[in-house]
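# Summary of the model geometry
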Amino acid sequence: MTTLANLSVGQSARITGIQAAPGIRQRILDMGLIPDIRVTLERVGPTGRPIWIACHGSQIALRLDEATGILVDDVKVAGDNS
Amino acid sequence: MNAEAEVKKEAPVEVAVEGSAQAGASRDGLRIALAGNPNCGKTTIFNALTGAHQKVGNYPGVTVERRDGRFELGDGRGVALVDLPGTYSLTSLSPEERVAQDELLSGENDVIVVVADSTNLNRNLVLLAQIMQMGANLVLCLNMADEARASGQVLDLAQMEKLLGCPVVETVGHKRQGIDALKAAIDRALASPRASRRLVLGERLDNAIGQIRALIPADFGRPEIADWVATKLLMGDAETTSRFLAHKGSASAASEIAAVRARIESETGHDAPLLVTEGYFAFVDGLLREVMTQRSRADARALTEKIDAVLAHRVLGLPIFAAAMYAIFWITFTIGDPFMGWIEEGFGWLGGWVGGLWPEGSDSLLRSLLVDGVIGGVGGVVVFLPNILLLFACLAVLEDTGYMARAAFLVDQLMHRFGLHGKSFIPMMTGFGCTVPGIMATRTMENERDRLATMFVLPLVSCGARMPIWLLLIPAFFPQTWRAPMLFGVYAVGIVLALLVALLLRKTVLRGDDAPFVMELPPYRLPTLRGALTKVAERGWLYLKKAGTIILAVSIVLWAMTTFPKAGSYEVDKLAAAGHVEIVADPEPSEGEGEEAKEGGDAKEDKGAAEPAGPSLAERLAMAQKGEKVTLLQSEADARNAEEDLNASLAGKIGHALEPVFKPLGFDWKMVTAMLGAFAAKEVFVAQMGIIYSLGEVDESSESLQATLRSDYSPLVGVSLMLFLLISAPCMATIAVTKRESNSWKWALGQLGGLTALAYIVSLVVFQVGRLLGF
Ligand SMILES: Nc1nc2c(ncn2[C@@H]2O[C@H](COP(=O)(O)OP(=O)(O)OP(=O)(O)O)[C@@H](O)[C@H]2O)c(=O)[nH]1
Ligand SMILES: [Mg+2]
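Definitions and cut-offs
- Residues numbered from 1 in each chain as written.
- Chains lettered and ligands numbered in written order.
- Predicted model: local features only at pLDDT ≥ 70, side-chain atom pairs only at ≥ 80, totals over all residues.
- Heavy atoms only, no water.
- Helix = DSSP H or I, 4+ residues; strand = E, 2+ residues; numbered from the N terminus.
- Buried < 20%, exposed > 50% of the residue type's maximum accessible area, 1.4 Å probe, protein only.
- Contact = heavy atoms within 4.5 Å.
- Areas by Shrake-Rupley, 256 points an atom, 1.4 Å probe, with all protein chains shown as cover.
- Lys, Arg positive; Asp, Glu negative; His and termini not counted.
- Charge placed at Lys NZ, Arg CZ, Asp CG, Glu CD.
- Rg over C-alpha atoms; globule rule 2.2 N^0.38 Å.
- Pairing = 2+ DSSP bridges.
- Axes fitted to C-alpha atoms, helices over the stretch in contact; angles between N-to-C directions.
- Near = heavy atom within 4 Å.
- Nonpolar A, V, L, I, M, F, W, Y, C, P; charged D, E, K, R; others polar.
- Parallel < 35°, antiparallel > 145°, perpendicular 65-115°, else oblique.
- Left-handed = near helix turned anticlockwise from the far one by under 90°.
- Donors = N, O, S within 2.8 Å, 3.2 Å for Na, K, Ca; no water.
- Expected span 1.5 Å × (residues − 1).
- Salt bridge = Lys/Arg side-chain N within 4 Å of Asp/Glu carboxyl O.
- Polar contact = N/O pair within 3.5 Å; in protein donor to acceptor, adjacent residues only side chain to side chain.
- Domains from an automatic or database assignment.
- Buried area = accessible area lost by both parts, 1.4 Å probe.
- Right-handed = clockwise from strand over helix to strand, strands pointing away.

### As for the overall build of chain B
In terms of regular secondary structure, chain B is built from 34 helices and eleven strands. Dimensions along the principal axes, computed over C-alpha positions, put chain B at roughly 110 × 55 × 55 Å. In chain B, which comprises 775 residues, the share counted as buried stands at 55%. For chain B, the proportion of contacts with a sequence separation of at least 24, taken over those separated by at least 6, is 76%. Looking at chain B as shown, the accessible area adds up to about 31,700 Å², and 61% of this sits on carbon and sulfur atoms. When the 71 basic and 88 acidic side-chain charges of chain B are each reduced to a single mean position, those positions are 7 Å apart.

So, in structure tokens, the structure goes:
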């Protein structure tokens, strides 16, 4: 299954689900990372982590651990929104 | 208006939700709270309304405690205003969110002003939706209207008011635009205390919430928040559920609630928390579709993206960050230097002038108190004000532009390796200013272990109060070109040690899982000149206030301890009486010669070399002891007597008693007494060194403390001393705040003892190894 952690910089994808411990899962949801939303991987940290994504016009940094729990599909090269 | 929107707010209704908040407190007058997502500008609005100067910054998590203030409405009615920490939703994960949640649920507020970042309404209005469920009397403040407008977004405010059932205003907080309109809106909300419209989350959810609400006993929480409680129970929120289960008569209801939840989950194939959250977002989406007449352009963030392409660059990011930090220390040192010189001269002149009010050679105690204790002590600290202001100006730029969040992003992985957290970084940067707010800032961390580890190591991050120590000691021992790098080095050593200690803690007492890291990165913002200046002025004022209060008080105590008791009888006098010593008047100092005479007047044995001809003072005294006849200058005799007075004083006795413990580190008793004083406040070290050397000197126009230190101690002692002061015992205020924030004396005292032991070991090793290597 594809997760946010599998994207490469410049790709966007649609969120399909979130898997994480209840507390942090709610935090991720509250920040607007909910199913059907498109996110773009904007950049990554010096060692390839953490990752930096854009969604809904906000920019969010996430660790790879959290990113692996964010399931996505419909991966595209960003800018090619349909 | 629909009928359900008539849930009127009564005057204080007992306790909000059982157990939460200390409601019921008597209050007269009106009370209003500011709520909103992190970094949406709540504190900016708070400051604009009340005229306060609470800290703002362009990163999430600046405010971590509630702040109270007052302002007046148009008609002169006074209002108590509460500023709250930012929160994404009413589910608390970290201590600072808890504070916000408790206040909002307390039911104590006549109006809740929900501040929203207009450039990110999709997410910001979710909190509004949740607060609507609490039946509160709302005002929506759409802040950052300038940025939203610039991005091309247009909103139909009238339509928004109609749909939400509450006043809606646009503001530009940092420019104080729309503040009067905000007051007017608050007035309107107060005048017609209609609650906002009931939230509609869609048929399925509304039904489920309705069913659960019917199951909640009437005495569980305030009736106004029943919708909200029902939603939480539907979501299976751990805290609300456990409180509900503890409530009498809830047992049968609990299983019915579970059944409602199971039904909706099986019907939709999604879990309840997800359904509810999606419901909130869908509500906001629907609202925005109706009120957003024009969306913002896609390139609204273009400038921020261009800057991030460099500053947050995968390869360049960290070197740029290191360079920025280096620049801060360079600026603090180099630009501050001339200003510091002026203030120093000013105090020198002042000391001379005050001293001159008494006749030559007078040993008035008042004169000594003023010249040695106050001017020598407090003056020694105030001298560094320009440097402190520069340091805070640099930190203000980092905080206000939005770079801080980028730096946290860049260092997260590094911090992670040491068992810390990207979010540990912001408290650490705050700690450059002062450790106490740094420890407070750890409240944004969700994980208790991360939080404790960060708190424990924070005193290792050199704070502003220690800056005067470095500014005194570094130039005393190192040549100009080495100074900025040395200062950078001191900070670097502190940070490296902080990481190592954190790693040790996380591998031993604080072992546990990694905490999640999810952090929002705000757009870059240009700090306003006014904002930056107030921030710097505020810090400068605090520094002076501290110098004028705590440091003054401690200086006077230390002066007294260093002055009394006097020696009573002096060796020189005895020898003179025995006829072994002849005291002659000093020769008139001519150009250049003055310097030499002073060096000679120094009682330190090993520095006799400064005087080219003849045996040193100590040698001559030794000769006199053996019965030879020697001559002393008057100044030499005075210096010798002053030295004996110092030794006999209380501070001298304590210092001497402890000296053996610190001898292996290279410290003498003078440093020891100054270090003890530094526990009250770190700057006191500088003050006490000033006092000791001021008392020990006879000459008012004496050379600077730095020159004295240079001639008395080797650079190796300087390094050992700086390390000890960097690592050892945090100040009293730090211990107190660690106790409060960790809620345990064990941590506070562990921090005190652990760090002091570490300091001792590091200084010992450095000094002894350095000596072996011949430094
Ligand atoms: N452009 C613009 N910037 C603003 C406005 N209001 C506030 N700011 C800036 O936004 C940043 C955040 O402001 P704060 O007042 O600290 O935000 P806060 O909501 O109190 O943040 P937390 O305490 O972290 O939750 C600061 O840099 C402010 O100067 C505004 O209306 N327009
Ligand atoms: Mg704030």
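Additional details are given in the paragraphs that follow.
### Points about the overall build of chain A
On a plain count of helices and strands, chain A comes out with two helices and five strands. Helices and strands appear in chain A in the N-to-C order β-α-β-β-β-α-β. Relative to its length of 82 residues, chain A is compact, with a C-alpha radius of gyration of 11 Å against a globular reference of 12 Å. Taken along the three principal axes of its C-alpha coordinates, chain A extends 35 × 30 × 25 Å. Counting only residues that meet the buried cut, chain A has 56% of its 82 residues in that class. Sequence-distant contacts in chain A: of pairs separated by 6 or more residues, those separated by 24 or more amount to 60%. When the accessible area of chain A is evaluated, it comes to approximately 3,100 Å², of which 49% is carbon and sulfur surface. Averaging the locations of the 8 positively and 8 negatively charged side chains of chain A gives two centres separated by 4 Å.

### With respect to the sheet that holds strand β2 (residues 38-44) of chain A
Read from one edge to the other, the open sheet built from six strands follows the order β5(A)-β1(A)-β2(A)-β3(A)-β4(A)-β9(B), with strand pairing classed as antiparallel. Because the sheet does not close on itself, it has two edges, and the strands there are β5 (70-77) of chain A together with β9 (518-521) of chain B. Sheet twist, expressed as the mean angle between neighbouring strand axes with direction ignored, is 35 degrees. Alignment of strand β1 (residues 11-18) of chain A against β5(A), held across six bridges, turns out to be antiparallel. Pairing of A:Arg14 across the sheet is with A:Asp73, part of β5(A). Of the strands in this sheet, β1 and β5 of chain A together with β9 of chain B are in contact with helix α1 (residues 22-30) of chain A, which crosses β1(A) at around 135 degrees.

### With respect to the site of ligand 1
Residue and element names in this part refer to chain B. If you check the shell around ligand 1, you find 25 residues, and the closest are Lys42, Thr43, Thr44, Val62 and Thr63. Here ligand 1 loses 95% of its free accessible area of 660 Å² to cover by the protein chains. The set of elements that each furnish at least two residues to the shell around ligand 1 consists of α1 (42-50) and α4 (145-150). Broken down by element, the residue count for the shell around ligand 1 peaks at three residues, all from α1. In the shell around ligand 1, the residues fall into eight nonpolar, 13 polar and four charged.

### A few points about the packing of helix α20 (residues 448-457) of chain B against helix α34 (residues 745-772) of chain B
All names here are of chain B. Look at α20 against α34: their axes get within 10 Å of each other, and the N-to-C directions meet at 45 degrees. One finds that α20 runs oblique with respect to α34. Between α20 and α34 lies a crossing of right-handed hand. Mapping the contact onto sequence places Leu452, Met455 and Phe456 in α20 and Trp747, Gly750, Gln751 and Leu755 in α34.

### Some details on the sheet that holds strand β4 (residues 111-117) of chain B
Residues and elements named next belong to chain B. Overall, mixed pairing links the six strands, which are arranged β2-β3-β1-β4-β5-β7 in an open sheet. Looking at the sheet topology across the chains shown, the edges are occupied by β2 (67-72) and β7 (168-170). Mean inter-strand twist for the sheet, computed between neighbouring axes without regard to direction, equals 25 degrees. Pairing geometry for β4 and strand β5 (residues 138-143), over six bridges, is parallel. Paired with Asp117 across the bridge in β5 is Asn143. This element, helix α3 (residues 121-132), spans β1 (30-36), β4 and β5 of the sheet and lies at about 165 degrees to β4.

### Here's the deal with the coordination of the magnesium ion (ligand 2)
All names here are of chain B. Donor atoms from the polypeptide that coordinate the magnesium ion (ligand 2) comprise Thr43 (OG1) and Thr63 (OG1), at 1.9 to 2.0 Å from the metal. Of this pair, Thr43 sits in helix α1 while Thr63 sits in the loop between α1 and β2, and the two are 20 residues apart along the sequence. We note that Thr43, like Thr63, is buried.

### Some words on helix α27 (residues 634-648) of chain B
A turn of α-helix holds 3.6 residues, and therefore any two residues three or four places apart point the same way. A rise of 1.5 Å per residue sets the reference length of α27(B), with its 15 residues, at 21 Å; its end C-alpha atoms lie 21 Å apart and thus fit the reference within 8%. Within α27(B), eleven of the 15 residues are buried, which leaves it mostly tucked inside the rest of the structure.

### Quick notes on the interface of chain A and chain B
Taken together, the contact between chain A and chain B spans 33 residues of the former and 42 residues of the latter. Applying the counting criterion to the chain A and chain B interface returns three salt bridges. Put simply, chain A and chain B have ten residue pairs in polar contact (both at pLDDT 80 or more) between them. Listing elements by their share of the side of chain A that touches chain B, those giving two or more residues are α1, β2, β3 (51-55), β4 (58-62) and α2 (64-67) of chain A. Its residues assigned to classes, the side of chain A that touches chain B shows 14 nonpolar, ten polar and nine charged. In terms of strand pairing, β4(A) meets β9(B) through four bridges, oriented antiparallel. Residue pairing for β9(B): A:Ile60 is matched across the bridge by B:Glu520.

### Re the packing of α20(B) against helix α22 (residues 480-507) of chain B
Residues and elements named next belong to chain B. Put simply, α20 and α22 touch, their axes get as near as 9 Å, and they point 140 degrees apart. What the angle tells us is that α20 and α22 run oblique. Relative to α22, the crossing made by α20 is right-handed. Here Arg449, Asp450, Ala453, Phe456 and Val457 of α20 lie close against α22, whose contacting residues are Ala498, Val501, Ala502, Leu505 and Arg506.

### A word on the domain arrangement of chain B
Residue and element names in this part refer to chain B. Entries for chain B in the domain assignment read domain 1 (2-191), domain 2 (203-296), domain 3 (318-339 + 373-507) and domain 4 (568-641). Averaged C-alpha coordinates put domain 1 and domain 2 at centres separated by 23 Å. With both sides pooled, the region where domain 1 packs onto domain 2 buries about 3,000 Å², and carbon together with sulfur makes up 61% of that total. Across the domain 1-domain 2 interface, the total number found is one salt bridge. Among the ionic pairs, Glu239 bridges to Arg98, the shortest N-O distance being 3.2 Å. Of all the elements in the fold, those that place two or more residues in the side of domain 1 that touches domain 2 are α2 (95-105), α3, β6 (154-155) and α5 (157-164). Of all the elements, α3 adds the most residues to the side of domain 1 that touches domain 2, at eight residues. Its residues placed into classes, the side of domain 1 that touches domain 2 shows 18 nonpolar, 13 polar and seven charged.

### Details of the pairing of β5(B)
Residues and elements named next belong to chain B. In terms of residue burial, β5 counts as a mostly covered element, since six of its six residues are buried. Residue alternation in β5 divides its side chains into two sets, Leu138, Leu140 and Leu142 and Val139, Cys141 and Asn143, and both sets are buried. This β-α-β element, β4 to α3 to β5, shows right-handed connectivity. When β5 meets β7, the two strands line up parallel, connected through three bridges. When the sheet's bridge partners are listed, Cys141 is paired in β7 with Val169.

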